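Below, each chain spelled out in residue letters.
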Amino acid sequence: QVRLVESGGGLVQAGGSLRLSCTASGRTFSGYTMGWFRQAPGKEREFVAVISMTGRSSWYGDPVKGRFTISRDDAKNTTYLQMNSLKPEDTAVYYCAAKLGLATSFQPDFGSWGRGTQVTVSS
């Protein structure tokens, strides 16, 4: 498995932007599909975005489409989540996850998880 560490969370006003980073160590990063998920208080963890091993394919959960962008830099073993036009309902703990092989948004397929980073959007 690969070890994942998220960073970049914080407090931002509605309409603002944040960029989350997730740095991996322990295995060859390029062999992993990378995903972002989030969990708001009292809610189940939900899919946010995923990017394929090659970086050529990505897709997003409906609540974030058009506002969030996932990317990866294999030279830095890092994946990013650029979050624009943030809304109070985006407030959650954001988790980075990795899986070997083809991309999917199915959480149980992801074998490695970070500890999460808190994002709080004030109205």
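Residues numbered from 1 in each chain as written. Predicted model: local features only at pLDDT ≥ 70, side-chain atom pairs only at ≥ 80, totals over all residues. Heavy atoms only, no water.

Student: Quick one: what's the story with unusual backbone geometry, residue by residue and with numbers?
Tutor: Residue Asn 77 is not a glycine yet carries a positive backbone phi of 55°. When you line up the elements, Asn 77 lands in the loop between strand 7 (68-73) and strand 8 (78-83). The phi dihedral of Ser 85 is positive, around 50°, even though this residue is not glycine. One can find Ser 85 in the loop between strand 8 and strand 9 (92-100). (Helix = DSSP H or I, 4+ residues; strand = E, 2+ residues; numbered from the N terminus.)

Student: Mind laying out the nonpolar core, listing which residues take part and the relevant values?
Tutor: With 28 residues, the main nonpolar core has Met 34, Trp 36, Leu 81, Met 83 and Tyr 94 as its most contacted residues. Those elements that place two or more of their residues in this core are strand 3 (18-25), strand 4 (32-39), strand 5 (46-51), strand 7, strand 8, strand 9 and strand 11 (117-122). Judged by nonpolar contacts, the second largest core, of five residues, contains Phe 37, Phe 47, Val 50 and Phe 110. (Core = buried A, V, L, I, M, F, W, Y, C linked by side-chain atoms within 4.5 Å. Buried < 20%, exposed > 50% of the residue type's maximum accessible area, 1.4 Å probe, protein only.)

Student: Give me the lowdown on the state of the cysteines, citing residues and values where you can.
Tutor: This structure, assessed with the given rule, holds one disulfide. Residue pairing for Cys 22: its cysteine sulfur links by disulfide to Cys 96, the two sulfurs lying 2.0 Å apart. Taking the torsion about the S-S bond as the criterion, the Cys 22 to Cys 96 disulfide, at about -75°, is left-handed. With a gap of 74 residues between them, Cys 22 in strand 3 and Cys 96 in strand 9 connect regions that are remote in the sequence. Under the relative-accessibility criterion, Cys 22 is labelled buried at 0%. (Disulfide = S-S within 2.5 Å.)

Student: Go over the sheet that holds strand 3, please, and point to the residues and values.
Tutor: The strand order across the open sheet formed by four strands is 1-3-8-7, and the pairing between neighbours is antiparallel. Edge positions in the sheet fall to strand 1 (3-7) and strand 7, since each of these pairs with one other strand and no more. The sheet shows a mean angle of 15° between the axes of neighbouring strands, direction not considered. By the bridge criterion, six bridges tie strand 7 to strand 8 in an arrangement that is antiparallel. Looking at the pairing, Arg 72 lines up with Thr 79 of strand 8. (Pairing = 2+ DSSP bridges. Axes fitted to C-alpha atoms, helices over the stretch in contact; angles between N-to-C directions.)

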